[in-house]
Amino acid sequence: MEELVTQLTSHGWTYDILKMNRENQRFDHLGHVGQVRNNGRVFLSEEKEPAVFCNKGKGICSEFTASRPVGFTDAEIGEYFLKIGCGLLRKTDENYSFRNVYEFIPIQTKISSGRDYVCAEAEQEEVRGYAYKYKKTYHVEGNCLTISHCLRNTGNRNLQWESYAHNFFAADFENDENVLLDRRGEEYRTVFSSPYREIRENTDFHSEKFKVWTAKNCICPEVFFAGTAVPGEQVC
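Residues numbered from 1 in each chain as written. Predicted model: local features only at pLDDT ≥ 70, side-chain atom pairs only at ≥ 80, totals over all residues. Heavy atoms only, no water.

Asker: Please set out the overall build of the protein residue by residue, giving values where relevant.
Answerer: Helix and strand counts for the protein come out as zero helices and 19 strands. For 236 residues, the compact-globule estimate of 2.2 N^0.38 gives 18 Å, and the C-alpha radius of gyration of the protein, at 18 Å, lies within 12% of that figure. Based on the C-alpha atoms only, the size of the protein along its principal axes is roughly 55 × 35 × 35 Å. Taking all 236 residues of the protein together, 50% fall into the buried category. Once local pairs closer than 6 in sequence are excluded, the contacts in the protein between residues at least 24 apart make up 53%. Here the protein displays about 11700 Å² of accessible surface, and carbon together with sulfur accounts for 46% of that area. Here the protein holds 29 positive side-chain charges and 35 negative ones, and the gap between their average locations is 1 Å. (Helix = DSSP H or I, 4+ residues; strand = E, 2+ residues; numbered from the N terminus. Rg over C-alpha atoms; globule rule 2.2 N^0.38 Å. Buried < 20%, exposed > 50% of the residue type's maximum accessible area, 1.4 Å probe, protein only. Contact = heavy atoms within 4.5 Å. Areas by Shrake-Rupley, 256 points an atom, 1.4 Å probe, with all protein chains shown as cover. Lys, Arg positive; Asp, Glu negative; His and termini not counted. Charge placed at Lys NZ, Arg CZ, Asp CG, Glu CD.)

Rendered as structure tokens:
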């Protein structure tokens, strides 16, 4: 059971911000949105049958580089590579998969909160020249929740990554068969028809790609960001 950090409330909306399971090797440990509530309805679901239970996704959670984590390619078998926001994983073969379970050293996180925000921070120790500081904030205003990410390269090698939010959207834990997905520039809308509810996701970056993953209990629009940071650089 994930620990509740706090509930952020604004204009009749409630957002449950939870700590991530420390054993999760896929989704970052700097918190996640467990549930969104309004007028007796809930709008987030969870992964029902994950290939690896400890890597289960829920609500709104973030993943960095799902296919090729930082340092994986140049790591020898038995050496560690970095899963940003999660920690260090020990390489076992030449094919990475988030469906596998690795020997794992979780990253240490610090989380603080106020009336309308949650701030989580983590610092990854250097591994073969790769290191970083990561800050993730949640802020509510009106009927909007803003999630911000800042990554600073504190190592001596370039960092390259791909990141996205795995949004397990649902209307009362169901995937409404009449749900509508719509994209207008960098605004993505998920519209539930009965009764009418609309979730809008806006980004302040040009998306690298857009994917949709669906299940009976959720629909998951995913907007991807491609990032690069040279040593000393911060990307927000």
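Asker: So what's going on with the packing of aromatic side chains? Which residues, and what values?
Answerer: By the definition in use, this model includes eleven aromatic pairs. Pairing Tyr164 with Phe224 gives two aromatic rings, centres 4.6 Å apart and planes at 25 degrees, and the pair type is stacked. Of this pair, Tyr164 sits in strand β13 (residues 159-167) while Phe224 is found in strand β18 (residues 218-229), placing the two residues 60 residues apart along the sequence. In terms of burial, Tyr164 and Phe224 fall into one category: buried. Relative to Trp213, the ring of Phe168 has its centre 6.1 Å away and its plane inclined at 75 degrees; by these criteria the two rings are edge-to-face. (Phe/Tyr/Trp six-rings, centres within 6.5 Å; stacked < 30°, edge-to-face > 60°.)

Asker: Any details on the layout of surface pockets? Residues and values, ideally.
Answerer: In this structure, the largest pocket occupies an estimated 1300 Å³ of space. Lining the largest pocket are 38 residues, and of these Leu145, Thr146, Ile147, Glu201 and Asn202 sit closest to its centre. Taken together, the elements giving at least two residues each to the lining of the largest pocket come down to β2 (13-18), β5 (60-64), β12 (144-153), β13, β16 (196-202) and β18. At eight residues, β12 tops the list of elements feeding residues into the lining of the largest pocket. (1 Å grid on protein atoms, 1.4 Å probe; cavity = no way out; pocket = protein on both sides within 12 Å on 5 of 7 lines; lining within 4 Å. Points joined across faces, edges and corners; volume = space filled by probe spheres on them.)

Asker: Give a detailed account of a nonpolar patch on the surface, specifying residues and quantitative values.
Answerer: A cluster of nonpolar side chains, namely Leu181, Phe210 and Val212, defines an oily patch on the protein surface of about 210 Å² accessible area. Structurally, Phe210 can be placed in strand β17 (residues 209-215). Looking at Phe210, the relative accessible area reads 31%, which means it is partly exposed. (Patch = residues over 30% accessible without salt bridge, like charges linked within 9 Å, V, L, I, M, F, W, Y side chains within 5 Å. Salt bridge = Lys/Arg side-chain N within 4 Å of Asp/Glu carboxyl O.)

Asker: Outline the side chain of Lys56, supporting the account with residue identities and numerical values.
Answerer: If you trace the backbone, Lys56 turns up in the loop between β4 (41-42) and β5. Overall, the relative accessible area of 19% leaves Lys56 in the buried class. Reaching out from Lys56, the side chain makes a polar contact with the side chain of Glu46 at a distance of 3.1 Å. Setting aside chain neighbours within four positions, we find Lys56 in contact with Asn24, Phe27, Glu46, Glu47 and Pro50. (Polar contact = N/O pair within 3.5 Å; in protein donor to acceptor, adjacent residues only side chain to side chain.)

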